[in-house]
Amino acid sequence: MSSAQLLLHPLPYRADPAVWFEGLRHRHEAILLDSGRPYTQSGRFDIMSADPLATIEIDAQGQHHCTRPLSAVTPLAAQRELLQHLETIPPATTDELPFVGGLMGYWSYDFGRLLERLESRAVADIDLPLARLGLYDWALIQDHDLERSYLVATAERRDQVLAWLEPSHGRQGTPFTLTSPFSADINRATYGQRFQQVSDYLHAGDCYQVNLAQRFQARCEGDSWEAYRRLRNATPAPFGAWLSWQGEDHRERSILSLSPERFLHLQDRQLITSPIKGTRPRGQTAQEDQQLADELLGSLKDRTENVMIVDLLRNDLGRVCRAGTVSVPALAALESYRNVHHLVSTITGELAPGLDAIDALAAAFPGGSITGAPRIRAMDIIDELEGTRRGPYCGSIGYIDQRGDMHTSIAIRTLFRQDDTLYVWGGGGLVADSHEESEFIETLDKIRHLMKALA
């Protein structure tokens, strides 16, 4: 098969990516990587696509199932090989565009089981592949800083996509409704017991930090896209994502993510990760809001948590970066979102020669900010105590571009829908001087607004 030239086709700029995505969301394997505009100014690009050339799923045994024949044996090699099946040539004018074809999708938290030797105690009660990615040969991209929209596609694909974008091709979805309130999988006393067990491990020196989460679920009906639009209006985030598909069993599965946290960004071999550790709710008044922000900035506990994860991620990047290039340009800096304040650090490095985006992903997955330190021991404790596997929560969503670049999020503030059940998780990092009640409240503060937006 000969390579096809990609073309850059300008489109009218839309401040809200949902305007364009309405024409695509019913297509096969539609995906939106969402900057959160116009509700937040943090993100720059929206990336959307559908109808991939192929899809690959990784199952719980680490076997890959791809709609194209692959010779690779391991899950990482299979993803790398599938990416090489993309035979399109980017135009020279796309250097500023983040994505011109490649892999897009998710890697669940439990994908980490294929990368490290872990205990296996938590129940896998959600039917979800460990990873699912599409090979996309076109994308509609919005650059909100320059207020421009582009379709990057071959001439044949361009005409096809333009037809999909016609208003007459959009279909009205059924209204989304919760048919039961959200309820926690565990009660308050059980959370306390799990907290105490983590505290015992911490004080025994077994580990330094553990991210402990609890899961909530509700019954629902209607269109997941409508639910996502309500969520992004209530709690916009720079690393949002919506993707939906039907498995071989014809059951609907959707991931709705409103994540504020970058995992890994690789561009021109420069690698960046931005862990979040430390959270306070926004205040009801300007004075209260400032007090909460100042409290977070002055919190030794939260700064200590952040520094622990920075050290972990410095080591992760050091495994794949050129010696002497890993640095921390920002440590525990305040970032404020519509519903919460966070402490965010930035770690950077230059990818070592001979390594690629998939090597970087494997070296740092899952992100240390949502496991703890040391990572493997923290993950074993999580598996022991949480009872059920996390699925998409604390995994990663994003893309690996055919030019070698990558951008992924940490899938926090993330919901998963399977048929008529909707799941959401809230968690927080525990250290030796953590207080049970405040940590319990933090798990609720992080997702209360998500549940309220859908109620």
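Residues numbered from 1 in each chain as written. Predicted model: local features only at pLDDT ≥ 70, side-chain atom pairs only at ≥ 80, totals over all residues. Heavy atoms only, no water.

A. View of the packing of helix α7 (residues 300-320) against helix α8 (residues 357-364). In contact at an axis separation of 9 Å, α7 and α8 are set at 145 degrees when each is read in the N-to-C sense. Both α7 and α8 take part in a crossing whose hand is right-handed. Only Asp359, Ala360, Ala363 and Ala364 of α8 make contact with α7, whose side of the interface consists of Asp316, Arg319 and Val320. Looking at side-chain class alone, the contact of α7 with α8 contains four nonpolar, no polar and three charged residues. (Axes fitted to C-alpha atoms, helices over the stretch in contact; angles between N-to-C directions. Helix = DSSP H or I, 4+ residues; strand = E, 2+ residues; numbered from the N terminus. Left-handed = near helix turned anticlockwise from the far one by under 90°. Contact = heavy atoms within 4.5 Å. Nonpolar A, V, L, I, M, F, W, Y, C, P; charged D, E, K, R; others polar.)

B. Expanded view of empty space enclosed by the protein. Scanning the model with the defined rule gives five cavities of 30 Å³ or more in all. A volume near 160 Å³ is recorded for the largest cavity. What lines the largest cavity is a set of 21 residues, and nearest its centre among them are Lys277, Ile412, Arg413, Gly427 and Lys446. Listed by contribution, the elements that provide at least two residues to the lining of the largest cavity are β19 (276-281) and β26 (421-430). Here the lining of the largest cavity takes five residues from β26, the largest share from any one element. For the lining of the largest cavity, a count of residues per class yields six nonpolar, nine polar and six charged. (1 Å grid on protein atoms, 1.4 Å probe; cavity = no way out; pocket = protein on both sides within 12 Å on 5 of 7 lines; lining within 4 Å. Points joined across faces, edges and corners; volume = space filled by probe spheres on them.)

C. Representation of the pairing of strand β18 (residues 270-273) within the structure. On β18, burial follows the alternation: Leu271 and Thr273 on one face are buried, whereas Gln270 and Ile272 on the facing-out side are not. Looking at chain direction, strand β17 (residues 262-267) and β18 are connected through three bridges and run antiparallel. Bridge pairing links Gln267 to Gln270 in β18. Connecting the antiparallel pair β17 and β18 is a turn made up of two residues, with Asp268 showing a positive phi of about 50 degrees. As paired strands, β18 and strand β21 (residues 340-350) are joined by four bridges and run antiparallel to one another. Residue pairing in the sheet places Ile272 in a bridge with Thr348 of β21. (Buried < 20%, exposed > 50% of the residue type's maximum accessible area, 1.4 Å probe, protein only. Pairing = 2+ DSSP bridges.)

D. Structural view of the nonpolar core. With 126 residues, the main nonpolar core has Trp138, Phe182 and Leu415 as its most contacted residues. Beyond its immediate stretch of four places on either side in the chain, Trp138 contacts Leu24, Met48, Ser49, Ala50, Phe99, Leu151, Val152, Ala153, Arg157, Val161 and Trp164. (Core = buried A, V, L, I, M, F, W, Y, C linked by side-chain atoms within 4.5 Å.)

E. View of the side chain of Glu29. Along the chain, the position of Glu29 falls in the loop between α1 (18-21) and β3 (31-34). Each residue touching Glu29, except ones within four places of it in the same chain, is listed here: Ser49, Ala50, Pro52, Thr55, Arg132, Tyr136, Ser244 and Trp245.

F. Geometry of the pairing of strand β4 (residues 45-49). Among the five residues of β4, four are classified as buried, and the element is accordingly described as predominantly covered. Bridge count for β3 against β4 is three bridges, and the pairing is antiparallel. For Ile31, the partnering residue across the bridge sits in β4 and is Ser49. Sheet topology places β4 next to strand β10 (residues 139-143); four bridges connect them, and they run antiparallel. Its bridge partner being in β10, Met48 is matched across the sheet by Leu140.

G. Region of interest: the layout of surface pockets. Taken as a whole, the largest pocket spans an internal volume of roughly 850 Å³. Around the largest pocket, the lining comprises 38 residues; the ones closest to its centre are Phe45, Phe239, Arg262, His265 and His407. Of all the secondary structure elements, the ones that give two or more residues to the lining of the largest pocket are β3, β4, β15 (239-246), β17, β20 (327-336), β21, β23 (396-401) and β24 (406-410). Among the elements that make up the lining of the largest pocket, the one with the highest residue count is β17 (four residues). In terms of residue class, the lining of the largest pocket is made up of 14 nonpolar, 13 polar and 11 charged. The calculated volume of the second largest pocket comes to roughly 650 Å³. Looking at the second largest pocket, it is lined by 32 residues, and the ones nearest its centre are Glu57, Leu128, Pro129, Arg132 and Gly247. Sorting the residues of the lining of the second largest pocket by element identifies β5 (54-58), β6 (64-66) and β15 as the ones contributing at least two each. A per-element tally of the lining of the second largest pocket places β5 first, with four residues.

H. Fine view of the side chain of Glu261. Position of Glu261 among the secondary structure elements: in the loop between β16 (252-259) and β17. No salt bridge is formed by the buried Glu261, whose closest oppositely charged neighbour, Arg413, lies at an N-O distance of 6.5 Å. Sequence-distant contacts of Glu261, that is, excluding residues within four places in its chain, are made with Phe239, Ser274, Pro275, Ile276, Ser369, Ser409, Ile410 and Ile412. (Lys, Arg positive; Asp, Glu negative; His and termini not counted. Salt bridge = Lys/Arg side-chain N within 4 Å of Asp/Glu carboxyl O.)

I. Representation of α7. Between its first and last C-alpha, α7 extends 31 Å over 21 residues, near the 30 Å set by a 1.5 Å rise per residue. Burial in α7 covers these residues: Lys301, Asp302, Glu305, Asn306, Ile309, Val310, Leu312, Leu313, Asp316, Leu317 and Val320. (Expected span 1.5 Å × (residues − 1).)

J. Geometry of the packing of aromatic side chains. For the coordinates displayed, the defined rule picks out 12 aromatic pairs. Ring centres of Phe99 and Tyr399 lie 5.4 Å apart, and the angle between their planes is 65 degrees; on these two criteria the pair is classed as edge-to-face. Remark: Tyr399 occurs in strand β23 and Phe99 occurs in the loop between β7 (88-89) and β8 (102-107); sequence separation between them is 300 residues. Among the residues examined, Phe99 registers a relative accessible area of 0% and is labelled buried. Looking at Tyr399, the relative accessible area reads 5%, which means it is buried. Taking the centre distance of 5.6 Å and the plane angle of 5 degrees together, the rings of Tyr393 and Trp425 count as stacked. Of this pair, Tyr393 sits in the loop between α9 (375-386) and β23 while Trp425 is found in strand β26, placing the two residues 32 residues apart along the sequence. Pair check on accessibility: Tyr393 and Trp425 agree, each one buried. One aromatic cluster is present, formed by Phe21, Trp225, Tyr228 and Trp242 through successive ring pairs. If you follow Arg188 out to its NZ or CZ, it ends over the ring of Phe440, 4.5 Å from the centre. (Phe/Tyr/Trp six-rings, centres within 6.5 Å; stacked < 30°, edge-to-face > 60°. Lys NZ or Arg CZ within 6 Å of the ring centre and 35° of its normal.)

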